[in-house]
Structures are given as structure tokens and as C-alpha cells.
Amino acid sequence: MWRYGLGAVRPFALSLREYLRGGYLVRGQTIGALALALGIDAEPLAATLARYNEGARNGTDPEFGRGGDAYQRYLGDADHTPNPCVAPIEHPPFYAVAVHPGDLGTAAGLLTDENARVLDGAGRPIDNLYACGNDMSSIMNGAYPGPGITLGPALTFGYLAAKHMAG
Ligand SMILES: Cc1cc2nc3c(=O)[nH]c(=O)nc-3n(C[C@H](O)[C@H](O)[C@H](O)COP(=O)(O)OP(=O)(O)OC[C@H]3O[C@@H](n4cnc5c(N)ncnc54)[C@H](O)[C@@H]3O)c2cc1C
């Protein structure tokens, strides 16, 4: 918690009191106590953690593949080996946060031409119909090479669409 933080809790947070009081962070001195505080079964949580720890000791993450590519490793702790993205979780107290999925970008969408004009089934531009941002089929074709790859094309194709309309 001190070195890496957790969720909205930044590293080197001097006090966790507000996070705990507001219910954002849940704490337990043991995995059983944490499970109880979360209202979930202790046994599956302990088994999940044991599995994770076993892999983390060898620098692997069989379940989610953390640190499995250069982009993830770039965002990890370069001083931590063998995998900068995983380490065993074994020293109390233990903390949990609720994680909710949200959307960031899309991989599929409306096919467009170089002027952001939407194409029909035959690949012909549809008059006066433009798309950019998350509505447009990503120029990255499903890959996520790094931050900026959603806003960058969104701005660029928004600009190109406006230029084409003005023309
Ligand atoms: C936490 C987070 C971090 C991110 N960080 C980055 C980053 O670092 N770099 C990067 O490039 N991208 C980042 N993104 C992704 C990027 O913000 C989005 O891909 C981008 O904003 C999508 O733009 P958009 O215009 O397509 O859609 P949106 O920004 O979602 O705009 C759609 C708009 O349409 C409005 N709307 C919806 N329905 C209707 C309706 N019926 N009538 C009228 N209006 C409607 C919505 O209110 C919204 O304002 C991040 C996203 C998230 C969630």
C-alpha cells in the first residue's frame, strides 16, 4: 500500500483513514477477516490468493497474465524482479477495493474512409454521414498500443470530418 497505493489511494499516502471511513478501502488483519468484512466466502478468496502468490513468486500470473507484454511491464516497477507487475501479497493488513468495469474505447464500429465518411456495405461513402471517436471502427484494429490512441484519432478524424464538410 505504501509503495504502490491501491485504486484511488496514491502511493505514500500518509493516512488511509478517510478511505476506510468512507468505505472505499476495506481492511482485514487476516484474509478470513477481510472476507468477512467484504461479506464474501473466505475459502475461495484464500485459494485465489494462494494461487496468485504461487505464480507471483516465480514472476508469472497464470490467471490474468499481468506483465505479459512490454506495455504492461513499462507501467510496472522496474526495480522489482522477475516480473515488474506482480509480487506476492502476504503481509497483513490486507486491503480490498471494489472494482467496476467502465468503457474506455472500442475496437469495432462504423467503417469510415480517410475523411471520416461512413462506408456502406459495399465500401462506398454514405453522403453526409460521418463518424469519429468510439463510434468509428478503430484504426488500431483491436490493439491498444498505449494511452492517447483513442483521443488522438478521435480528434484527428473529427477535424478531417469537419474539413470535408466545409469543403
Ligand atoms: C478513465 C478513462 C481514462 C482515459 N484515458 C485516456 C487517455 O489517457 N488517452 C486517450 O487517448 N483516451 C483516454 N480515454 C478514452 C477517451 O476518453 C475516449 O475514448 C473518448 O473520450 C471517446 O470520445 P467520443 O467522443 O467517441 O465519446 P464520448 O467522449 O463518450 O462522447 C459521447 C458524448 O455523447 C453524449 N451522448 C450520449 N448519448 C447521447 C444522446 N442520446 N444524445 C446526446 N448526446 C449523447 C455523451 O454524454 C457524451 O458527451 C480514457 C477514458 C476513460 C474512461
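Data block above holds the structure.
Residues numbered from 1 in each chain as written. Predicted model: local features only at pLDDT ≥ 70, side-chain atom pairs only at ≥ 80, totals over all residues.

Glancing now at the overall build of the chain. Helix and strand counts for the chain stand at five helices and four strands. Moving toward the C terminus, one meets the helices and strands of the chain in the order α-β-α-α-α-β-β-β-α. Along the longest, intermediate and shortest principal axes, the C-alpha atoms of the chain span 65 × 35 × 30 Å. Across the 167 residues that make up the chain, the buried fraction comes to 10%. Sequence-distant contacts in the chain: of pairs separated by 6 or more residues, those separated by 24 or more amount to 45%. (Helix = DSSP H or I, 4+ residues; strand = E, 2+ residues; numbered from the N terminus. Buried ≥ 20, exposed ≤ 12 C-beta atoms within 10 Å, placed from the backbone. Contact = placed C-beta atoms within 7 Å.)

Let us look at helix α3 (residues 42-57). Relative to the 22 Å expected for 16 residues at 1.5 Å per residue, α3 spans 22 Å between its end C-alpha atoms, a close match to the ideal helical length. Positive phi shows up at G59, right after α3, with a value of about 80°. (Expected span 1.5 Å × (residues − 1).)

Turning our eyes to something else, we now look at unusual backbone geometry. With omega at 0°, the peptide bond leading from T81 into P82 counts as cis. On the secondary structure map, P82 appears in the loop between α4 (70-74) and β2 (94-96). Cis peptide bonds are those with omega within 30 degrees of zero, and the linkage from P92 to P93 qualifies with 0°. One can find P93 in the loop between α4 and β2. Although it is not a glycine, F12 sits at a positive phi angle of roughly 60°. We classify F12 as exposed; it has 9 C-beta atoms within 10 Å.

Before going further, it helps to examine the pairing of strand β4 (residues 125-130). Relative to β4, strand β3 (residues 117-119) runs antiparallel, the two being bridged by two bridges. Across the sheet, residue R117 finds its bridge partner in β4, namely Y130. Hairpin geometry of β3 and β4 is characterised by an intervening segment of five residues between the two adjacent antiparallel strands and by a positive phi of about 85° at G123. (Pairing = 2+ DSSP bridges.)

Closest axis-to-axis distance for the helix α2 (residues 31-38)/α3 pair is 9 Å, and the angle between their directions is 130°. Between α2 and α3, the angle falls in the class oblique. Helix-helix and strand crossings are classified by hand; for α2 and α3 the assignment is right-handed. Where α2 approaches α3, its residues I31, G32, A35 and L36 are matched on the opposing element by A42, L45, A46 and L49. A class-by-class count of the residues in the contact of α2 with α3 yields seven nonpolar, one polar and no charged. (Axes fitted to C-alpha atoms, helices over the stretch in contact; angles between N-to-C directions. Parallel < 35°, antiparallel > 145°, perpendicular 65-115°, else oblique. Left-handed = near helix turned anticlockwise from the far one by under 90°. Nonpolar A, V, L, I, M, F, W, Y, C, P; charged D, E, K, R; others polar.)

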